[in-house]
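Geometric and topological summary
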Amino acid sequence: MAELTYREAVADGIRQEMKRDESVVFLGEDIAAAGGVFKTTVGLLDEFGPIRVRDTPISEQAILGAAMGAAMTGLRPIAEIMFSDFLAVCWDIVANQMAKARYMTNGQISVPLVVRTANGGGSRFGAQHSQSVENWAMAIPGIKVVAPSSPADVKGLLAAAIRDDNPVLFFEQKSLYAVKGTVPDGEHIEELGKSKVIRQGSDVTIVALALMVPRALEAAERLQEIDGISATVVDVRSLVPLDTSTILSEVSRTGRMITVEENPRLCGWGAELSSIVAEELFFDLDGPIIRITSPHIPLASADHLEDMMIPSVDRIYEEIRKSMS
Amino acid sequence: MAKEPEKKSLKNYVSNDDIGEDVRRELFRLQLECRHVEQKAYDLFLQNLIKGTSHLGLGQEAIAAGFGGAMKEGDYTFCTYRGHNHTLVRGASMTGVLGELMGRQCGLLGGKGGSMHLTSVEHGAMGSYAIIGAHLPIAIGAAWSAQYRKSDQVTVCFFGDGTTNIGAFHEALNMAQVWKLPVIFVCENNLYMEYTPISEVTAVENPAADRASAYGLESIIVDGNDADEVYRHAMAALEKAREGEGPSLIEAKTYRHSGHSRADPGDYRPDGELESWLKRDPLPMYRNRLLEFGLAEDEVVEMEEEVIKRVDEATEIAKSSPPPTEEVMATEVWADGSSTWRN
Ligand SMILES: Cc1ncc(C[n+]2csc(CCOP(=O)(O)OP(=O)(O)O)c2C)c(N)n1
Ligand SMILES: [Mg+2]
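Residues numbered from 1 in each chain as written. Chains lettered and ligands numbered in written order. Predicted model: local features only at pLDDT ≥ 70, side-chain atom pairs only at ≥ 80, totals over all residues. Heavy atoms only, no water.

Once that is clear, we can look at the overall build of chain A. Tallying secondary structure elements over chain A gives 12 helices and 14 strands in all. For 325 residues, the compact-globule estimate of 2.2 N^0.38 gives 20 Å, and chain A sits close to it at 19 Å. The dimensions of chain A, computed from C-alpha atoms along their principal axes, are 60 × 40 × 40 Å. Buried positions account for 62% of the 325 residues belonging to chain A. (Helix = DSSP H or I, 4+ residues; strand = E, 2+ residues; numbered from the N terminus. Rg over C-alpha atoms; globule rule 2.2 N^0.38 Å. Buried < 20%, exposed > 50% of the residue type's maximum accessible area, 1.4 Å probe, protein only.)

Listed below in structure tokens is the structure:
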């Protein structure tokens, strides 16, 4: 088992797949010579050369369009959009083009590509460089949506996304880039569409994604120590496809569900999950479903303000404790 | 078939020209197919057999035909919602095209795409795109893939004059030139973006050609109503692309004979404009050229009748094809054929 940072796991995942498959190519702004603005892709240019690892102009539509055209004609491109907020300038290619090409052509066109992007807050970058936009993607039929919380999952899920024959949006939480974790040696690949139970408890099920996973876990430990509340923590990992079978079985066992979402309140993934649980597990519930989210406000820059907005361990702990008393 | 002697000698002379009789026949046939399928589409609207919207390419056939005649099997085309012509010239079946317009099972897309999204990957027709500009970046991706795979495939991307004012046009041209991609951008300047004259909303006179120099490209303007002219420029640009010398941008001047879409009577056009362009209708112009170059009238008539017969047959087959069933509604969202988003 190697100890890698979340950041290093990105390059490691790309490297593993570029080595085994010549059709994997990688493009984006500052990703080659500079190794990425978050230093997630250091070394790839040297290893695979400028034909496979290509710096692009600041042309997000051209980046995603080129990735899509290449994917339609035999390659497996990985495209980087530097900050997920910038997806708004090339959203046409995501929402109208790559998501729909297969369906509209009745299966004639295949779009096996991955869009990697640095998502989420915690870096004091302000409202245009900090958003959690995975819900934008989740709302569109035809794209898979993945958001890992650990270095091992970055590598394993990225590898799976690259091998998948569908367009996958891969959200890397930028505040996690420095986090270390063990990654299995040798080839490592995970399955898309599977959640993971990372802590087993009996009183309440906390469902979390990306940066919210370590925070939920810490809150769960505190609930156990201080209040004797035993919490299950599920790392959602994949929003589309959504592993409702794992989540529903955990919620049904504990009788309670809390979602912890970094996104602003309205239409977060937790809302969809709440509706599924309400429809399908209503009689198993022992209390109301609680959603813990960022407020419906653009993210502020100042550290004091940003910390008040994004769910913290303290807030997660407090809200769950209150709801259980 | 007997021909008049003096015409024969002219034919011998012109058969040594750069295009030759076989290609001319092919260019004429392609234009006829486009023209008659579009006219049939128009009739089928009136009979309410085609629903929704549709954007006809009547008057613009010479551009699609000129390229269709010049491209090789395996080359890629990308086009817009005004893409019936471009899909047909690559070899897609008339039944598939008309069936799709009518929303029938036999449609190219099984009824899932409709008029604005005609696609026939087996013929290299990589799709019709209905968001202005989107397919230019996608086309450069196909060209990049061909370059990476060291195949000699060239990508041709058709779009309108209005498209030159959207960002994707500029992003795609720049990146195509920087990466020296085997792609040809073909702007069909029909003078209007929807209902607005292009000159009222564009800073330069020639919306594509005048932008070429910004991307280090040659400024090329062609008569888009003359299939021979289009063909010559297509051949040159295709050769350039195959030799690794990068992209071309071609502005073809033309005019659409019908409104922008089904709902548009075209009232905004000044009096006499349509009439003056009808004098340069690509079909009669090309027909006359064939006669001038020595083809007999009855041979031309035979070609025309043959195409009309095929269009009529395709129409009958499409009409008798049933509508898509519920089973296919939810297929082909994902690569495994399903539409499943949860377990
Ligand atoms: C991004 C976008 N904006 C607006 C439209 C609506 N629209 C459809 S066709 C069209 C005009 C396009 O003109 P042009 O590029 O000249 O093509 P033409 O229709 O003349 O072939 C417009 C504005 C659209 N489809 N996509
Ligand atoms: Mg136009």
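There's more to say after this.
For the rest of this paragraph, the subject is the overall build of chain B. Per the secondary structure count, chain B includes 12 helices and 8 strands. The C-alpha atoms of chain B give 20 Å as radius of gyration, which agrees with the globular expectation for 343 residues (20 Å, within 12%). If one aligns the C-alpha atoms of chain B with their principal axes, the spans along those axes are about 75 × 50 × 45 Å. Put simply, chain B has 343 residues, and 57% of those count as buried. Working note: accessible area of chain B is about 13,700 Å², and carbon and sulfur atoms make up 52% of it. (Areas by Shrake-Rupley, 256 points an atom, 1.4 Å probe, with all protein chains shown as cover.)

Residue and element names in this part refer to chain B. Viewed as axis vectors pointing N to C, helix H10 (residues 282-292) and helix H11 (residues 297-320) meet at an angle of 140°, and their least axial separation amounts to 9 Å. Relative to H11, H10 is oriented oblique. Considering how the two elements wind past one another, H10 and H11 form a crossing that is right-handed. For the pair H10 and H11, contact is made by Arg287, Leu290 and Leu291 and by Glu297, Val300, Val301 and Glu304, respectively. (Axes fitted to C-alpha atoms, helices over the stretch in contact; angles between N-to-C directions. Parallel < 35°, antiparallel > 145°, perpendicular 65-115°, else oblique. Left-handed = near helix turned anticlockwise from the far one by under 90°. Contact = heavy atoms within 4.5 Å.)

Let us now look at the side chain of Ser54(B). All names here are of chain B. As for its placement among the helices and strands, Ser54 is situated in the loop between helix H2 (20-46) and helix H3 (61-70). In terms of polar contacts, Ser54 uses its side chain to reach the side chain of Ser115, at 2.9 Å. Each residue touching Ser54, except ones within four places of it in the same chain, is listed here: Phe45, His84, Leu101, Ser115, Ser261 and Arg262. (Polar contact = N/O pair within 3.5 Å; in protein donor to acceptor, adjacent residues only side chain to side chain.)

Here we come to the site of ligand 1. Residues and elements named next belong to chain B. Tyr81, Arg82, Gly162, Thr163 and Asn190 are the nearest of the 15 residues found near ligand 1. Residue Asp161 places a side-chain N or O atom 3.1 Å away from an oxygen atom belonging to ligand 1. In the complex, the protein chains occlude 76% of the 590 Å² of accessible area that ligand 1 would expose alone. Looking at the shell around ligand 1, its residues break down into 7 nonpolar, 5 polar and 3 charged. (Near = heavy atom within 4 Å. Nonpolar A, V, L, I, M, F, W, Y, C, P; charged D, E, K, R; others polar.)

Moving on: the interface of chain A and chain B. Across the contact, 51 residues belong to chain A and 40 residues belong to chain B. Carbon and sulfur atoms supply 62% of the area buried between chain A and chain B, which totals about 3,900 Å² over both sides. Taken together, chain A and chain B are joined by 2 salt bridges. We note a salt bridge from Glu280(A) to Arg342(B), for which the minimum N-O separation is 2.7 Å. Counting every contact that joins chain A to chain B gives 25 residue pairs in polar contact (both at pLDDT 80 or more). Elements represented by at least two residues in the side of chain A that touches chain B include exactly strand E2 (24-28), strand E3 (53-55), helix H3 (60-72), helix H4 (91-98), helix H5 (101-104), helix H9 (244-254) and helix H10 (269-280) of chain A. (Buried area = accessible area lost by both parts, 1.4 Å probe. Salt bridge = Lys/Arg side-chain N within 4 Å of Asp/Glu carboxyl O.)

What follows concerns the nonpolar core. Core analysis: the biggest nonpolar cluster contains 86 residues, and Leu64(A), Leu87(A), Phe78(B), Ile140(B) and Phe185(B) have the highest contact counts within it. For this core, the leading source of residues is H3(A), giving 9 residues. Residue-level mapping places this core at the junction of two domains, with at least three residues from each of domain 1 (2-183) and domain 2 (196-324) of chain A. Ile78(A), Ala160(A), Ala216(A) and Val313(A) belong to the second-largest nonpolar core, a separate cluster that totals 57 residues. (Core = buried A, V, L, I, M, F, W, Y, C linked by side-chain atoms within 4.5 Å. Domains from an automatic or database assignment.)

One frequent convention defines the size of an interface as the accessible area lost when the parts assemble. All names here are of chain A. Under the domain assignment, chain A is made up of domain 1 (2-183) and domain 2 (196-324). Residue-level contacts link 24 residues of domain 1 with 26 residues of domain 2. Contact between domain 1 and domain 2 buries roughly 2,000 Å² in total, counting both sides, with carbon and sulfur atoms accounting for 56%. If you sort the residues of domain 1 by the area they bury against domain 2, Arg124, Asn135 and Met138 come out on top, with a joint share of 30%. Viewed at the interface, domain 2 and domain 1 are joined by 4 salt bridges.

Once that is clear, we can look at the pattern of salt bridges. In this structure the tally under the stated criterion is 47 salt bridges over all chains. For Arg35(B), the salt bridge goes to Asp281(B), with nearest N and O atoms at 2.9 Å. Taken together, the residues Arg35(B) in helix H2 and Asp281(B) in the loop between helix H9 (273-278) and H10 connect sequence positions 246 residues apart. On the accessibility criterion, Asp281(B) (9% relative accessible area) is buried. One salt bridge connects Arg287(B) with Glu304(B), and the closest N-O pair in it is separated by 2.6 Å. Of this pair, Arg287(B) sits in helix H10 while Glu304(B) sits in helix H11, and the two are 17 residues apart along the sequence. Taken together, the salt bridges that share partners define one network made up of Asp12(A), Arg15(A), Lys19(A), Glu47(A) and Lys155(A).

Take the packing of aromatic side chains next. Taken as a whole and judged by the stated rule, the model has 17 aromatic pairs over all chains. Note on Trp91(A) and Trp136(A): the rings are 5.8 Å apart at their centroids and 80° apart in plane angle, and the pair reads as edge-to-face. You can see Trp91(A) sitting in helix H4 and its partner Trp136(A) sitting in helix H6 (residues 134-138), a full 45 residues away along the chain. Put simply, the rings of Tyr6(A), Phe38(A), Phe83(A), Phe86(A), Phe125(A) and Tyr177(A) pair up and form one aromatic cluster. Taking NZ or CZ as reference, Lys144(A) lies 5.9 Å from the ring centre of Trp334(B), over its face. (Phe/Tyr/Trp six-rings, centres within 6.5 Å; stacked < 30°, edge-to-face > 60°. Lys NZ or Arg CZ within 6 Å of the ring centre and 35° of its normal.)

Residues and elements named next belong to chain B. Interaxial distance between helix H5 (residues 94-101) and H11 falls to 8 Å at its minimum, and their mutual angle equals 50°. Taken as axis vectors, H5 and H11 run oblique relative to one another. Between H5 and H11 lies a crossing whose hand is right-handed. Within the contact between the two elements, H5 uses Met94, Thr95, Leu98 and Gly99 and H11 uses Arg310, Val311, Ala314, Thr315, Ile317 and Ala318. Taken together, the residues of the contact of H5 with H11 break down into 6 nonpolar, 3 polar and 1 charged.

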